[in-house]
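# Observations on the model geometry
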Amino acid sequence: MRRGVLQGAWVLTAVCGALLPSAPVLAQAPAAEVVQAGNRIEKIIAAEQGGNVVLKLTMAKPLAAAPGSFSVASPARVAFDFPDTGNGLGRNSQQFNTGDLRSVNIVQVGDRTRLVLNLSRLSPYDIRLEDRDVLITLSAAQMREAGNIVSQSTQFAAPAPMAQGERHSIRDINFRRGKEGEGRLVVDLSDASTGIDIRQQGTSLIVDFLKTEAPEQLRRKLDVIDFGTPVSTVLTQSQGGNVRMTITPRGQWEHNAYQSDNQFVLEVKPVKEDPNKLTQGVGKGRFGGEKLSLNFQNIDVRSVLQVIADFTNFNIITSDSVQGNLTLRLKDVPWDQALDIILQARGLDMRKNGNVIWIAPRDELAAREKLDLEAKAQIGELEPLRTETFQINYHKAKSVAEFIKGKEQTVLSKRGNVSADERSNKLFVNDVPSRLEDVRRLIAEIDVEVRQVLIEAQIVEATDTFARNLGVRLGFGGKTGGLLGTTTGGVPVYRNTFGTGSLNSTAYQAGQITTVPTLDSSLGVNLPASNINTKQVGALSFALWNSAATRYIDLEVSALEADGRGKVVSRPRVMTADKAEAIIEQGSEIPYQTQTSATAVATVSFKKANLSLKVKPQITPDGKVMMALDVNKDQPRYDQPVAGGNVPIDTKHVKTDVVVENGGTVVIGGIYIQEVGNNTTKIPLLGDIPVLGYLFRNNERKDNKTELLVFITPRIINDQLGLR
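Nothing here was measured: the structure is a model prediction, and the numbers come from that model.

### Some points on the overall build of the protein
Of regular secondary structure, the protein possesses six helices and 45 strands. Looking at the protein residue by residue over its 724 residues, the buried ones come to 37%. Here the contacts in the protein between residues at least 6 apart in sequence split such that 62% fall between residues at least 24 apart.

Right under this line is the structure:
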């Protein structure tokens with residue numbers, strides 16, 4: 001158990017501790033903890049070959065596989081782990097000062113040995129096995145390409161080669177509080193070969209897991225302020241094809257990072273204030289060099305600079321105009337801050353190129369740089385022009401050309417020009433080589449494939465109607481006169497009969513002679529159900545009379561009860577590119593007449609009555625979809641025409657901006673309408689009589705409900721897998 005604790009402390013110290021040349025990296029484990037290893041490091045030598053540094057390790061036995069390794073950018077170090085290996089050198093450190101390699105620290109804990117290379121700057125490295133020898137090649141930190149110096153980027157752990165389509169993944173993310181109040185972020189990875197890049201951006205720490213994906217439940221923001229550590233929040237989100245973690249600390253802090261198999265750990269430690277120290281940790285300021293102490297009285301500036309050069313192994317060149325003496329006392333100050341203090345005190349400045357530092361008065365440096373810039377400008381004006389062709393894949397060449405030669409700021413030089421061929425969608429740029437490189441980088445940034453989004457809308461309109469009507473019709477009639485004759489249809493006619501009508505003869509007057517009274521012409525009470533003339537109403541009628549009667553009574557009872565439910569579902573769907581507006585609609589155009597008072601001439605115009613979906617999606621960096629939506633559902637009401645024969649249009653419209661998870665569904669709008677009514681029409685007094693009053697009144701009751709819901713589901717299209 002004790003052995004495991006020692007190993008954990010070893011990892012942290014070797015990666016992030018202050019490895020001073022005069023002190024070992026860490027204390028050796030107690031003798032009781034050291035076990036006999038199966039192999040050992042017997043010899044280490046270093047040499048420069050063609051600008052590269054080759055470190056040769058001679059082992060007691062050949063290795064079966066290359067040792068595991070990782071690198072740290074600040075301070076620049078590369079570490080190699082040798083399992084089942086001991087330290088046979090008899091010492092824990094060895095100085096080299098060869099190229100970028102300053103020294104080597106060797107530490108054995110148990111049956112494992114770690115080799116730490118202390119570098120002046122981080123360089124790409126390669127490992128090769130030859131029998132018992134392990135050859136570690138440190139490439140030049142800079143390489144020349146097309147006449148320009150391009151610095152290589154460094155990473156905490158470089159990604160291992162993978163098969164096409166294969167990706168790393170994050171399995172789990174945990175946050176814990178350490179014994180000393182440090183915040184510990186623990187990330188479980190799918191494999192140990194995941195590439196990791198760590199950098200400080202402003203007051204935050206950025207950790208990029210290269211070519212890695214994280215499940216949806218892990219892409220979130222963690223509020224960890226209650227843990228009482230320097231870390232307040234941890235935000236995990238997708239960034240292109242990578243996963244990015246943004247750690248936001250508070251106060252003064254410093255961070256350590258290490259990886260063990262599939263587990264990556266990042267620790268953020270608080271830095272306590274010490275009033276006796278000039279600086280308070282690397283997390284507070286911009287100085288992070290190894291600390292030193294200086295105490296001189298009236299010393300020459302050149303001598304102090306020589307002391308710093310010896311301490312840092314940098315090559316320092318001072319101008320002849322650097323003169324004067326200094327009195328200074330600095331204790332536990334980073335060497336880069338001490339150098340800055342000395343330069344500020346004497347009005348000096350420096351320029352760094354590789355491991356060479358040039359120090360001179362500010363005015364002298366400014367004058368020299370001005371001359372260099374003027375010389376470069378003159379060379380640019382005289383440098384021969386070149387023409388290069390660029391194929392544009394995902395944009396219009398004309399729009400890219402307008403962007404390159406913008407009115408306010410152009411990428412081209414004064415002598416450069418650009419033209420576009422719309423047929424082949426190519427750009428032809430004529431300029432100096434350096435500006436052509438800028439154009440190439442710019443096109444690589446903007447000419448990328450546009451992701452697409454499929455938006456599915458579902459508009460549901462549900463109705464629930466209920467109506468009940470009850471009514472009666474009551475009438476009476478009679479025959480009081482004698483028979484006058486028959487009509488042309490053979491119907492007998494009597495004098496002074498109730499009703500209206502006439503015979504086919506001019507000898508009689510209307511109102512005096514009429515046909516046998518019908519039900520409609522002899523009603524005394526006419527309160528039927530509201531839809532008495534339709535087939536939807538049930539009616540019961542009868543008449544009390546016979547052929548000899550001269551008086552009769554007619555009675556009709558009508559009733560209607562209607563209960564209806566309906567649902568109308570519309571599913572418009574449209575696909576569009578990221579940040580491109582799309583619209584889909586289906587419906588008809590309704591004509592309507594308009595008339596002006598001046599001309600009094602009616603004109604016909606048309607108005608759309610459509611089901612339409614207008615959307616403009618935007619894919620966010622964390623994989624969500626932001627949408628500007630405009631949904632419209634119109635319905636013409638041909639059953640309710642208005643003046644002039646115009647048709648009214650029922651409109652349901654939703655316009656909003658929402659953010660939705662990829663593949664998620666959101667309800668963006670809902671309209672609920674309920675109409676309740678109870679109507680009674682009756683004859684005064686008679687309609688209030690119990691029981692018999694139903695013969696003299698009409699009852700109508702209705703309860704109608706209408707609900708409209710709009711559902712939106714966005715899906716990001718993936719070229720390889722289809723819908724994501």
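### Concerning the environment of V411
Topologically, V411 is positioned in the loop between α5 (397-404) and β29 (417-421). A relative accessible area of 22% places V411 in the partly exposed class. For V411 and L442, which are 31 residues apart along the polypeptide, the C-alpha to C-alpha distance reads 8.8 Å. Residues within four places of V411 in sequence aside, it is in contact with I404, R435, D438, V439 and L442.

### A few points about the sheet that holds strand β20 (residues 242-249)
Reading across the sheet, the five strands line up as β15-β16-β20-β19-β18 and stay open at both edges, with antiparallel pairing between neighbours. Two strands close off the open sheet at either side, each with one partner strand: β15 (195-201) and β18 (221-223). For this sheet the average axis-to-axis angle between neighbouring strands, irrespective of direction, equals 15°. Pairing of strand β19 (residues 231-239) with β20 involves eight bridges; the strand directions are antiparallel. Residue pairing across strands places V231 opposite P249, the latter belonging to β20.

### Thoughts on α5
Considered for burial, the residues of α5 that qualify are A397, V400, A401 and I404. Along the long axis of α5, the arc covered by the buried residues comes to 100°, so they all point the same way. On the buried face of α5, the contacting elements are β29, β30 (426-431) and α6 (433-446).

### As for the pattern of salt bridges
One pass over the full model with this rule turns up 31 salt bridges. Measuring nitrogen to oxygen at the nearest pair gives 3.6 Å for the salt bridge that ties R132 to E42. Here R132 is found in the loop between β9 (125-130) and β10 (133-138), whereas its partner E42 is found in strand β1 (residues 39-49), with 90 residues between them in sequence. With a shortest N-O distance of 3.5 Å, D81 and R112 are connected by a salt bridge. You can see D81 sitting in strand β4 (residues 77-82) and its partner R112 sitting in strand β8 (residues 112-119), a full 31 residues away along the chain. One network of salt bridges, with partners in common, ties together D197, R199, D208 and R244.

### Topic: the nonpolar core
Core analysis: the biggest nonpolar cluster contains 25 residues, and I170, L185, V207, F209, M245, I247 and F264 have the highest contact counts within it. Secondary structure elements with two or more residues in this core: β13 (168-177), β14 (183-189), β15, β16 (204-210), β19, β20, β21 (253-260) and β22 (263-270). Beyond its immediate sequence surroundings of up to four residues, F209 is in contact with I170, V187, L189, T194, G195, I196, N242, V243, M245 and F264.

### Some thoughts on the packing of helix α2 (residues 301-312) against helix α3 (residues 335-345)
Packing of α2 against α3 leaves a shortest axis separation of 11 Å and a crossing angle of 165°. Compared by their axis directions, α2 and α3 come out roughly antiparallel. The crossing of α2 and α3 is left-handed. Along its contact with α2, which presents V301, V304, L305, I308, F311 and T312, the element α3 presents W335, L339 and I342.

### What about the sheet that holds β29?
Sheet strands pair by backbone hydrogen bonding; their relative direction is either parallel or antiparallel. Read across the sheet, three strands follow the order β28-β30-β29 without closing on themselves; strand pairing throughout is antiparallel. Whereas interior strands pair on both sides, the edge strands pair on one side only; in this sheet they are β28 (386-391) and β29. Along the sheet, successive strands turn relative to each other by an average axial angle of 20°, direction set aside. Judged from the five bridges that link them, β29 and β30 form a sheet pairing that is antiparallel. When the bridges of β30 are listed, A420 appears paired with L427. Packed on one face of the sheet, α6 meets β28 and β30 and runs near 5° to β28.

Basis of the calculations
Residues numbered from 1 in each chain as written. Predicted model: local features only at pLDDT ≥ 70, side-chain atom pairs only at ≥ 80, totals over all residues. Heavy atoms only, no water. Helix = DSSP H or I, 4+ residues; strand = E, 2+ residues; numbered from the N terminus. Buried < 20%, exposed > 50% of the residue type's maximum accessible area, 1.4 Å probe, protein only. Contact = heavy atoms within 4.5 Å. Pairing = 2+ DSSP bridges. Axes fitted to C-alpha atoms, helices over the stretch in contact; angles between N-to-C directions. Arc of directions from axis to C-beta. Salt bridge = Lys/Arg side-chain N within 4 Å of Asp/Glu carboxyl O. Core = buried A, V, L, I, M, F, W, Y, C linked by side-chain atoms within 4.5 Å. Parallel < 35°, antiparallel > 145°, perpendicular 65-115°, else oblique. Left-handed = near helix turned anticlockwise from the far one by under 90°.

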